[in-house]
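# A closer look at the structure
One-letter residues, chain by chain:
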Amino acid sequence: MVKEICSAFTLIQKIGEETLMKLLSSFELCGMTLKNRVVRSATMENMATSDKMPSKELLHLYEELAKGDVGLIITSGVRPDRTWNNPSHNRGMCLDRDDQIPVFAELTELVHKFGSKIVMQLGSFFVFNGDYVLPSVLPDDYASGISYRELTTSEIKKIVSAYGAAGLRASKAGFDAVQIHLAHGFPLSRFLSPFTNHRSDEYGGSIENLARIGVEIVAEIHQRVGSQFPIFIKMNVSDFCEGGMTIDDAVQLAKIFSLNGVSAIETSGGAIGREVSWLGPVDPSQWREGYFKDYAAAIKSQVDIPVILVGGLRDPEMMEEIILHNQSDLIAMSRPLIKEPCIVKRWIKGDLTSSDCTSCDSCSTTIMNEKNLQCILEE
Ligand SMILES: Cc1cc2nc3c(=O)[nH]c(=O)nc-3n(C[C@H](O)[C@H](O)[C@H](O)COP(=O)(O)O)c2cc1C
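Below, the structure is looked at part by part. (Residues numbered from 1 in each chain as written. Predicted model: local features only at pLDDT ≥ 70, side-chain atom pairs only at ≥ 80, totals over all residues.)

A few words on the site of the ligand. Inspection of the region around the ligand gives 25 residues, with Ser41, Ala42, Met44, Ser334 and Arg335 positioned closest. For the shell around the ligand, the elements supplying multiple residues, two or more each, are α10 (335-339) and α12 (362-368). The greatest single-element share of the shell around the ligand, amounting to three residues, is contributed by α12. Considering only residue class, the shell around the ligand consists of twelve nonpolar, eleven polar and two charged. (Near = placed C-beta within 6 Å. Helix = DSSP H or I, 4+ residues; strand = E, 2+ residues; numbered from the N terminus. Nonpolar A, V, L, I, M, F, W, Y, C, P; charged D, E, K, R; others polar.)

Right under this line is the structure:
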């Protein structure tokens, strides 16, 4: 009897704690009410149909995330033009035709049915007019064996316009917002860094010029959709290399974006081949939970728009601390939600055990091998 009373008391305490947890309470984000502050960060599923649209498997995956109570779901990077495709990700989604809108609308309706919100991430270009292109080509890029060339100024204008068209289609398909993928050292994000952008036109040089392509994409989408439509960006907090973008540069860029129509910033960092990538420090001894936490806090202290922290977050108690200490407004995860799509529901029910994702990155290997996104620990 005493045991029963004690366990009932613990349960009531737990419920009390849960309802008090800011992480799991609703949040107003750019005019939308999120049921909690947990975000699914963009994650390439490699599950698009041959026509680059959501497949049945992909719809099922998003249904699981929404049923699992993820407050905000960000899609994998959807390319605004299928000819920009990275051949290593050719089962990613693209949105470049109006007749695709109803199929993408099935995805947004499905997610909304379970009370979650959905944002389309607009991914980077890799190929343009049949060539591999970059803002500037560095000696290391030539050494990669791929013959890159530099984008011309008029090509950049066409790229900006294509983002505008995709943003309009995304809004027609019912997405609550779009996110521009300006992170991870992919060609679009390379504009932001003085290390990878050596251009002499208006897209290179000063910090305003480094930000210009992002600012123009935001303006182009707002011009087509209306200025109320929320546009997020995902950007690097640092390049983590000598001569690369520093956190001070990132703060300056974030301020420019926040003053030019961006509604929320997701803070990520690094690139392939650097000391730190978006998956964390390459040296395992340097890896720690929430590896971009202090960088996000530095940006949050300088901008008036919400910040979404991503990167190695596994423990809900730590997530709560981050929110309580005003280091980030929202918490995003990628790999834990591959392993356990209903983790948020579990936390809401009172089991606050951390994700058991080991960050082994086998999920990245599955998509690099042209398989469907999967956690091998779940096989
Ligand atoms: C398999 C896989 C695919 C990813 N695809 C994308 C993507 O399409 N766009 C993007 O911005 N980030 C992508 N990311 C990065 C994640 O959004 C996230 O920034 C990173 O995995 C760190 O978060 P985590 O520790 O919670 O996994 C991907 C990560 C993984 C593991």
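The subject of this paragraph is the environment of Pro316. Looking at where Pro316 falls in the secondary structure, it is placed in helix α9 (residues 316-324). Considered as a pair, Pro316 and Val38 are 278 residues apart in the sequence and their alpha carbons are 9.8 Å apart. With residues up to four places along the chain from it excluded, the contact list for Pro316 reads Leu23, Trp347 and Leu352. (Contact = placed C-beta atoms within 7 Å.)

A few words now on the sheet that holds strand β15 (residues 330-333). Overall, parallel pairing links the eight strands, which are arranged β3-β4-β5-β9-β10-β11-β14-β15 in a closed barrel. Taking the axes of each pair of neighbouring strands and ignoring which way they run, one obtains an average angle of 25° across the sheet. Here four bridges tie strand β5 (residues 117-122) to strand β9 (residues 177-182), and the two strands are oriented parallel to one another. If you follow Met120 over to β9, its bridge partner there is Val178. Relative to the sheet, helix α5 (residues 153-172) contacts β5 and β9, its axis offset from that of β5 by approximately 165°. Helix α6 (residues 207-225) rests against β9 and β10 (231-236) of the sheet, and its axis sits at about 160° to β9. (Pairing = 2+ DSSP bridges. Axes fitted to C-alpha atoms, helices over the stretch in contact; angles between N-to-C directions.)

What follows is about the sheet that holds strand β8 (residues 148-150). The mixed open sheet is built from three strands, whose spatial order is β6-β7-β8. The open sheet has two edge strands, β6 (127-128) and β8, and neither has a second partner. Across three bridges, strand β7 (residues 131-134) lies against β8 in parallel orientation. Within the sheet, the bridge partner assigned to Tyr132 lies in β8 and is Tyr148.

Below, the discussion takes up the environment of Glu340. With respect to the secondary-structure elements, Glu340 resides in the loop between α10 and α11 (343-348). Taking the number of C-beta atoms within 10 Å as the measure of exposure, Glu340 has 19 and is therefore partly exposed. It is 25 Å that separates the C-alpha atoms of Glu340 and His181, two residues lying 159 residues apart in sequence. (Buried ≥ 20, exposed ≤ 12 C-beta atoms within 10 Å, placed from the backbone.)

Turning our attention to α5. Taking 1.5 Å per residue as the helical rise, α5 with its 20 residues ought to reach 28 Å, and the 29 Å between its terminal C-alpha atoms agrees with that figure. Looking at α5, one finds that the buried residues are Ile156, Ile159, Ala162, Tyr163, Gly164, Ala166, Gly167, Leu168, Arg169, Ala170 and Ser171. Downstream of α5 by one or two residues, Gly174 has phi in the positive range, about 95°. (Expected span 1.5 Å × (residues − 1).)

Let us look at the packing of α6 against helix α7 (residues 247-258). Look at α6 against α7: their axes get within 10 Å of each other, and the N-to-C directions meet at 50°. By the angle between their axes, α6 is oblique relative to α7. Here the hand of the crossing between α6 and α7 comes out right-handed. Counting all contacts with α6, which are made through Ile207, Glu208, Leu210, Ala211, Gly214 and Val215, the residues of α7 involved are Asp249, Gln252, Leu253, Ile256 and Phe257. For the contact of α6 with α7, the residue count by class is seven nonpolar, two polar and two charged. (Parallel < 35°, antiparallel > 145°, perpendicular 65-115°, else oblique. Left-handed = near helix turned anticlockwise from the far one by under 90°.)

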